[in-house]
Amino acid sequence: MDFTFEEEQRLAAQSLRALLDDHCTGADLRRAAEALDFESYRAACATRAGKLAELGLAGMLIPDSQGGLGLGPADFVLLAEEAGWAALPEPLVESEGVANVLLAELTRHDAAAGEVLGEVLAGSALVLCAPPGVDVVSSIGLADYLLTGAHDGELAVYRTSELAIESATSVDPLRRLGRIRQLPGRPLASLGGEAARLAWQAAEARSAVFTAAQLLGLAARMTALAVAYALERKQFGRVIAANQAVKHQLADVQIRTEFARPVVYAASAAPGGVRAAHALIAAGDAAQLAAQTAIQVHGAMGYSWEVDLQFYAKRAWALTGLQGGRTVQFRRVHTALRDGALPIGPDRLFDQVSLQGAQP
Amino acid sequence: MAIDLKYTARQQALRSEVRGWLAANVPTKPLPSFDTEAGFEAHRQWEATLNAGRWSMVTWPTEYGGRGLDLIEWLIFEEEYYRADAPFRVNQNGVFLFGPTLMEYGTPEQKARFLPRLASGEDIWAQVWSEPQAGSDLAALRTTAIRDGDEYVLNGHKIWSTRAVYADWGFGLFRTDPTSERHRGLSYLAVPLRTPGIRVRGIAQLDGKSGFAEIFFEDARVPANNLIGAEGQGWSIAMATAGFERGLMLRSPARFQRTAQRLVELYRLHAADCDPGTEAAVTQCWMDAESYALATYMTASRLIAGGSIGAEASLNKVFWSELDLAMHRAALAILGARAELREAPGVESGAVDDACRWMDGFLFSLAGPIYAGANEIQRNIIAERVLGLPKG
């Protein structure tokens, strides 16, 4: 039993933080958000995208037997948190944390996907995924391949250039949504049955945990922005941060954030089931509270387009709706408790059964 | 791989050992409340039983009768303890607050004099801090302890001292320099409560029982060798105690996990009658109890790896106290009209007992956001020392 991160994992997160501090500033986000078309958007992001590629994260979570680095979700969770902290526009989490592992799984069943996997490992292709039935994908314009399925229970890979995609608009101008209108007749590789179902289930579990991690980073960032503003803004002859009404609101955000953190980290050690749902709910609630409180602390400035806070708040609002949002995740936890499917009690915290819990 | 959330074979063996011992020794019938004289003595006896099995002070070093368990092992012990519905610890303040303070600041003579009797339950300790004019603002305290030869002479008035009605000893802060102000000139003293010149008067709590007391000092003489640490060092020692209290050990997560489990079980019995708001509250409470437990494991791991706990202890205190309140509120909502019953002729006694337990627990949970530093103060600490906001 050791609930701490290794030095190496912390260092990896620190180097990503350093890179994003330089190349993913509020001004960088604003430039990308205000880009008039996709080409100027890409241009605004080009330097950062290049720097990210140099980090050598490609294939991080892909098994070493398939040419990846063979690391686990707990090695990635702090990186996902940094992506949230910076409101990173690039789909690092969605590709490296979720889709690439899914692609590796597909390749183990259908060798035809091996070529795509090779491109991913070489860093020359970007893969994203959308579970069957989900037709809206963030950053799809940047992707070379999409993992999806024509029907429930299918896992298939398509070239994005062969998909009919129309753009969709998000509240978060940096998510660059696309809606898949139609899939081509034949995928490059595909898988069905139980294997596909399990692969999607694992991908959704990773996605839940890493989305939660991003929300954790976003919550902390919005708290930091609100603290900085409260220390600077003066009214009645003193900084507004000296007012207990302001302090207690921010303390409440800190409490929600810090008690979501261990749930997210624990979920990263074994993504899935009720704990992943709990992580998504807890981090989502923290981020929602952080957004609302930070806007309130900023006063009228908080409601203006001019303040960078909006980029973090909008990312939080977009991410909290994923995977059915709080409603679906909460119902998952509630149903498991109601039906007695979950062993509960003081001695069951790390029970493997309770970690997996009831799947929907 | 980091983040290893599996117990080692040794940890599992400890769990089995604790479980076996508790199964054989926990009283089958719940003890009467320790806020009554008979209940207090029954709980004192339970402390002796625990001590005989060397389970009373598991984290204490073996030289003081403990087992030298680390914090993860302590969490396992606590999980089993609450799983077994073992009696609450009447010597809680002695075990978790005074004991560790004494180990850090006491002389060898004091340790030998106090620790074994504390461990065995022969001496039950109460915390003697607050005064009528010094609550959240503890540094405003005025009760004096003036050195006279090899004694201190105590004069003043302490209040809200939990379990002091029946306790044998008190530990607390006194002004040894009558000209001093605020945090200076305070000293930390161990005070035998059955001393001439000390009068303890119980104060009825919300539940009608005398769970806390006020203490009047009129020229009460206490041996000078009861001074813990140096004269004038009291404030910093007290703050160390406050760290233990709010930090990890005052309220182990197992207590809340057990309450959450009982809440879920209660909900399952009455699921058909529950409104969606109550259902949501039950689920939220269960998740929050899990969050608190996971947070404690994370902190414990960090401390074992050499880290320390500072102002973030205030996050814990706010979180568990508000969680406890929320759990009991949810239970009362499920129980509806049954919740108010104290006794009900003709109703199956088990059902009434359970309802009473929730109402008693609810009344007690209302104290949580107040004791051990009111939550308003904790939120100030979080804002100032964790987030870096200025004092108001």
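Source: prediction; values computed, not measured.

Taken together, the contact pairs 53 residues of chain A with 57 residues of chain B. Across the chain A to chain B interface the summed buried area is about 5000 Å²; carbon plus sulfur atoms make up 70%. When the buried surface of chain A facing chain B is broken down by residue, Met1(A), Phe259(A) and Pro346(A) rank first, second and third, together holding 17% of it. Between chain A and chain B we count six salt bridges in total. The salt bridge involving Glu290(B) is made with Arg275(A); its shortest N-O contact spans 2.8 Å. Summed over the shared surface of chain A and chain B, the number is 21 residue pairs in polar contact (both at pLDDT 80 or more). Within the residue set of the side of chain A that touches chain B, elements represented by two or more residues are α4 (73-85), α7 (193-232), β9 (238-239), α8 (244-269), α9 (273-297) and α11 (325-338) of chain A. Element by element, the count of residues in the side of chain A that touches chain B is highest for α8(A), at 18 residues.

Residues Asp2(A), Glu6(A), Glu8(A) and Asp4(B) make up a contiguous surface patch of negative charge. Summarising the element assignment, Asp2(A) is placed in the segment before α1 (7-23).

So, on to the packing of aromatic side chains. All names here are of chain B. Applying the stated criterion to the full structure yields 31 aromatic pairs over all chains. Aromatic pair Trp125 and Trp169: ring centres 5.1 Å apart, planes at 25°, arrangement stacked. Of this pair, Trp125 sits in strand β1 (residues 125-128) while Trp169 is found in strand β4 (residues 169-175), placing the two residues 44 residues apart along the sequence. Taken individually, Trp125 and Trp169 each receive the classification buried, so the pair is uniform in this respect. Judged by centre distance (6.2 Å) and plane angle (15°), the rings of Phe171 and Tyr188 are stacked. Taken together, the residues span a long stretch of sequence, with Phe171 in strand β4 and Tyr188 in strand β5 (residues 186-192) at a distance of 17 residues. Across this residue pair, the class does not change: Phe171 and Tyr188 are buried.

Moving on, we come to the environment of Ala202(A). Summarising the element assignment, Ala202(A) is placed in helix α7. Placed 69 residues apart in sequence, Ala202(A) and Pro271(A) show a C-alpha to C-alpha distance of 7.6 Å.

All right, on to α1(A) then. All names here are of chain A. The terminal C-alpha atoms of α1 lie 24 Å apart, and with 17 residues this matches the ideal 24 Å at 1.5 Å per residue to within 8%. Regarding α1, the residues found buried are Gln9, Ala13, Leu16, Leu19 and Leu20. Mapping the buried residues of α1 onto a view down its axis gives an arc of 120°, with all of them on the same face. Exposed positions of α1 whose direction lies more than 90 degrees from the buried face are Glu7, Glu8 and Asp22. Turning to α1, the residues buried within the fold contact α3 (38-54), α4 and α5 (92-109).

Residue and element names in this part refer to chain A. Ordered in space as β1-β3-β4-β7, the four strands form an open sheet in which the pairing is mixed. One side of each edge strand has no neighbouring strand; the edge strands of this open sheet are β1 (127-129) and β7 (189-191). Each strand axis lies, on average, 20° off the axis of its neighbour in the sheet, ignoring direction. Sheet topology note: the strand β3 (residues 145-148)/strand β4 (residues 155-159) ladder contains four bridges and is antiparallel. Looking at the pairing, Leu146 lines up with Tyr158 of β4. The sheet contacts of α7 involve β1, β3, β4 and β7, and relative to β4 the element is tilted by about 75°.

In this section: the nonpolar core. Counting 164 residues, the largest nonpolar core has Leu147(A), Met222(A), Phe98(B) and Tyr297(B) as the members making the most contacts within it. The biggest single contributor to this core is α7(A), with 18 residues. Look past the residues within four positions of Tyr297(B) in its chain and what remains in contact with it is Met1(A), Phe3(A), Leu349(A), Phe350(A), Tyr7(B), Ile72(B), Leu75(B), Ile76(B) and Glu79(B). Within the second largest apolar cluster, 46 residues are counted, among which are Ala251(A), Phe259(A), Val333(A) and Leu337(A).

Our focus in this paragraph is the domain arrangement of chain B. Residue and element names in this part refer to chain B. Along its sequence, chain B is carved into domain 1 (9-120), domain 2 (125-232) and domain 3 (251-386). Averaged C-alpha coordinates put domain 1 and domain 3 at centres separated by 23 Å. With 13 residues of domain 1 at the contact, the number on the domain 3 side is 14 residues. Summing both sides of the interface, domain 1 and domain 3 together bury roughly 1100 Å²; the carbon and sulfur share of this comes to 66%. When the area that domain 1 buries against domain 3 is broken down by residue, the three leading residues are Ile72, Leu75 and Tyr82, summing to 43%.

Cut-offs and rules
- Residues numbered from 1 in each chain as written.
- Chains lettered and ligands numbered in written order.
- Predicted model: local features only at pLDDT ≥ 70, side-chain atom pairs only at ≥ 80, totals over all residues.
- Heavy atoms only, no water.
- Contact = heavy atoms within 4.5 Å.
- Buried area = accessible area lost by both parts, 1.4 Å probe.
- Salt bridge = Lys/Arg side-chain N within 4 Å of Asp/Glu carboxyl O.
- Polar contact = N/O pair within 3.5 Å; in protein donor to acceptor, adjacent residues only side chain to side chain.
- Helix = DSSP H or I, 4+ residues; strand = E, 2+ residues; numbered from the N terminus.
- Patch = residues over 30% accessible without salt bridge, like charges linked within 9 Å, V, L, I, M, F, W, Y side chains within 5 Å.
- Areas by Shrake-Rupley, 256 points an atom, 1.4 Å probe, with all protein chains shown as cover.
- Lys, Arg positive; Asp, Glu negative; His and termini not counted.
- Charge placed at Lys NZ, Arg CZ, Asp CG, Glu CD.
- Phe/Tyr/Trp six-rings, centres within 6.5 Å; stacked < 30°, edge-to-face > 60°.
- Buried < 20%, exposed > 50% of the residue type's maximum accessible area, 1.4 Å probe, protein only.
- Expected span 1.5 Å × (residues − 1).
- Arc of directions from axis to C-beta.
- Pairing = 2+ DSSP bridges.
- Axes fitted to C-alpha atoms, helices over the stretch in contact; angles between N-to-C directions.
- Core = buried A, V, L, I, M, F, W, Y, C linked by side-chain atoms within 4.5 Å.
- Domains from an automatic or database assignment.

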